[in-house]
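Descriptive analysis of the structure
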Amino acid sequence: MTSPFFADIDPIRFEGRDSDNPLAFRWYDAEHVVRGRTMAEHLRFGVCYWHSFAWDGSDIFGAGTLDRPWNPASRTGDATMTPMNAAKLKMEAAFEFFEKLGAPFFSFHDIDIAPAGANFAETVRNLDEMIDEAEGHMERTGTKLLWGTTNAFSHPRFMSGAATNPDPDLFKYAAAQVAHCMNATHRLGGANYVLWGGREGYDSLLNTDMGRELDQLARFLHMVVEHKHAIGFDGTILIEPKPMEPTKHQYDYDSATVAGFLRKHGLEDEIKVNIEVNHATLSGHDFHHEVATAVNEGIFGSIDANSGDDRLGWDLDRFPVSVEQMSLGMLEILRGGGFTTGGLMFDTKLRRQSIERDDLFHGHIGGMDVMAKALLVADSLMDELDEQRDDRYSGWADAQHILNGEATLQQLHDQVLSDESFDPEPSSGRQELLENLVNRRIDQVR
Ligand code: XUL
Ligand code: CO
């Protein structure tokens, strides 16, 4: 590998709307203040390690296409490239990228940053060594950890799930892996710890005891929360909902399902959600619906900022390109008070044909600019929309006794019956007017 890996790229700077430089930000100005917070504080961008550095472009129909000299398949037979040396080179390239892009955060799965060993003890020794390396890079570059997570879905041992596996030994293995990765995340000062239940679901109910598996999942999550408190980790535990893929049905289907599950098991004050835009699409919801649901349930945590395709029913993980889609999502995030420990993590993949080294920059620069513009659009819309929305419900100011439980169904019946002039007039929902306002603001923000 030539070092540095992204030798031709200079640090990415904000150059403003009129810039034609494709390797500059036109909208993301880290220091620009919106509603009392800088853009950097609002958006809290993170780069994912797995798609951007561990993945080589392979898909279910073909081999890797991307130039990733540290990945086993593309190794040149160089004897010095042991798995640990390769992991270290990958980490150098990753931190070079984070620093040049100017993203304040990154996220990883345990297996993205350290190779598996012959047994669990060797695997976690490798991980600990790579965590030491990461600590050095983080200190040197100032990059912080948005979240760590465990991959308990790729290895064949997890084919029937991790916490929901019919075999308790697999539950134990996953518990060991999660405990170790939580400790590692804690050591790196991670702001959150994510659990995506990749295979916590089923392919067929013929062989699945759903009630039993959900109870196992609940116990597993309680153990995670207990461990968080035992080690003094003060980040947020996040579940990442997804309705399916790779399983036919995933238990953490969407934000509403997760909210109900957490409440049933007394976990609602301990765990929040990491909403992925493409997962929202797969569950048949808009991104902004998922955010609004989570905010309303008090479990909004963080975002995986990618996008899918309305005509394709799988997880494309594209970089976000739609200002309208992201503006509506950012509006709900702003309405909810913004991020606390969460952020916008690019759980995004290049297309398999994007094989130039600078393609990774173009994907992230575009994504960051779309999200920054979306923040400005959301900011320009929020007060006006909230005023109109409040106005729409203003009649309730004089009807609070109904909601307070001070009126019965029979009393309302009797009131309506006795008032002959009672004939409520409908009023317009003004949807088209508001949609036009959104498009106007997308044109007008500067
Ligand atoms: C899978 C997915 C994962 C999680 C972390 O669809 O989104 O990458 O974000 O395990
Ligand atoms: Co994700």
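Heads up: the structure comes first, above all this text.
A brief report on the enclosed structure follows. Everything numeric here is computed off the predicted structure, so don't read it as measured data.

Moving on to the coordination of the cobalt ion (ligand 2). The cobalt ion (ligand 2) binds to the protein through Glu240 (OE), Glu276 (OE), Asp304 (OD) and Asp347 (OD); the donor distances cover 2.0 to 2.1 Å. Coordination geometry of the cobalt ion (ligand 2): the six donor atoms subtend angles of 80 to 176 degrees at the metal centre, consistent with an arrangement described as octahedral.

Here we have eight strands rolled up into a closed barrel, ordered S3-S4-S5-S6-S8-S10-S11-S12, and parallel in their pairing. Here the strands of the sheet are splayed against their neighbours by 30 degrees on average, with no regard to which way each runs. Bridging between strand S3 (residues 45-48) and strand S4 (residues 105-109) involves three bridges; their strand directions are parallel. Looking across to S4, one finds that Cys48 is bridged to Ser107.

Taken as a whole, the largest pocket holds about 1,600 Å³ of empty space. Lining the largest pocket are 49 residues, and of these Trp50, His51, Trp55, Ser58 and Lys349 lie nearest its centre. For the lining of the largest pocket, the secondary structure elements donating two or more residues are helix H2 (49-54), helix H3 (83-101), helix H4 (110-113) and strand S5 (144-149). A total of four residues in the lining of the largest pocket trace back to one element, the largest contributor, which is H3. Taken together, the residues that form the lining of the largest pocket break down as 23 nonpolar, ten polar and 16 charged. Roughly 740 Å³ of volume is contained in the second largest pocket. For the second largest pocket, the lining is made up of 24 residues, of which Arg335, Leu385, Arg389, Gly429 and Leu434 are closest to its centre. Counting only elements with at least two residues in the lining of the second largest pocket, the list comes to helix H10 (287-297), helix H11 (323-335), helix H12 (359-392) and helix H15 (431-444). Among the elements that make up the lining of the second largest pocket, the one with the highest residue count is H15 (six residues).

Here we take up the environment of Ala176. The topology assignment puts Ala176 in helix H6 (residues 168-187). Taking the C-alpha atoms as reference points, Ala176 and Phe120, separated by 56 residues in sequence, lie 8.8 Å from one another.

All residues in the neighbourhood of ligand 1 are listed as Trp50, His109, Trp147, Trp196, Glu240, Lys242, Glu276, His279, Asp304, Asp315 and Asp347. Interatomic distance of 2.9 Å between a side-chain N/O atom of His279 and an oxygen atom of ligand 1. Asp304 places a polar side-chain atom, nitrogen or oxygen, 3.0 Å from an oxygen atom of ligand 1. Put simply, ligand 1 lies in the largest pocket.

Below, the discussion takes up helix H5 (residues 120-141). The end-to-end C-alpha separation of H5 is 31 Å, in line with the 32 Å expected for 22 residues at 1.5 Å each. For H5, every residue scored as buried is listed here: Val124, Asn126, Leu127, Met130, Ile131, Ala134, His137, Met138 and Thr141. Viewed along the axis of H5, the buried residues span an arc of 145 degrees, placing them on a single side of the element. In this structure, H5 carries Arg125, Glu139 and Arg140 as exposed residues pointing more than 90 degrees from its buried face. The N-terminus of H5 is capped by Asn119, whose side-chain oxygen sits 3.3 Å from the backbone nitrogen of Ala121.

Calculation criteria
Residues numbered from 1 in each chain as written. Chains lettered and ligands numbered in written order. Predicted model: local features only at pLDDT ≥ 70, side-chain atom pairs only at ≥ 80, totals over all residues. Heavy atoms only, no water. Donors = N, O, S within 2.8 Å, 3.2 Å for Na, K, Ca; no water. Tetrahedral: all angles 85-135°; square planar, octahedral: opposite > 155°, others 65-115°. Pairing = 2+ DSSP bridges. Helix = DSSP H or I, 4+ residues; strand = E, 2+ residues; numbered from the N terminus. Axes fitted to C-alpha atoms, helices over the stretch in contact; angles between N-to-C directions. 1 Å grid on protein atoms, 1.4 Å probe; cavity = no way out; pocket = protein on both sides within 12 Å on 5 of 7 lines; lining within 4 Å. Points joined across faces, edges and corners; volume = space filled by probe spheres on them. Nonpolar A, V, L, I, M, F, W, Y, C, P; charged D, E, K, R; others polar. Near = heavy atom within 4 Å. Polar contact = N/O pair within 3.5 Å; in protein donor to acceptor, adjacent residues only side chain to side chain. Sits in = over half its atoms within 2 Å of the grid points. Expected span 1.5 Å × (residues − 1). Buried < 20%, exposed > 50% of the residue type's maximum accessible area, 1.4 Å probe, protein only. Arc of directions from axis to C-beta.

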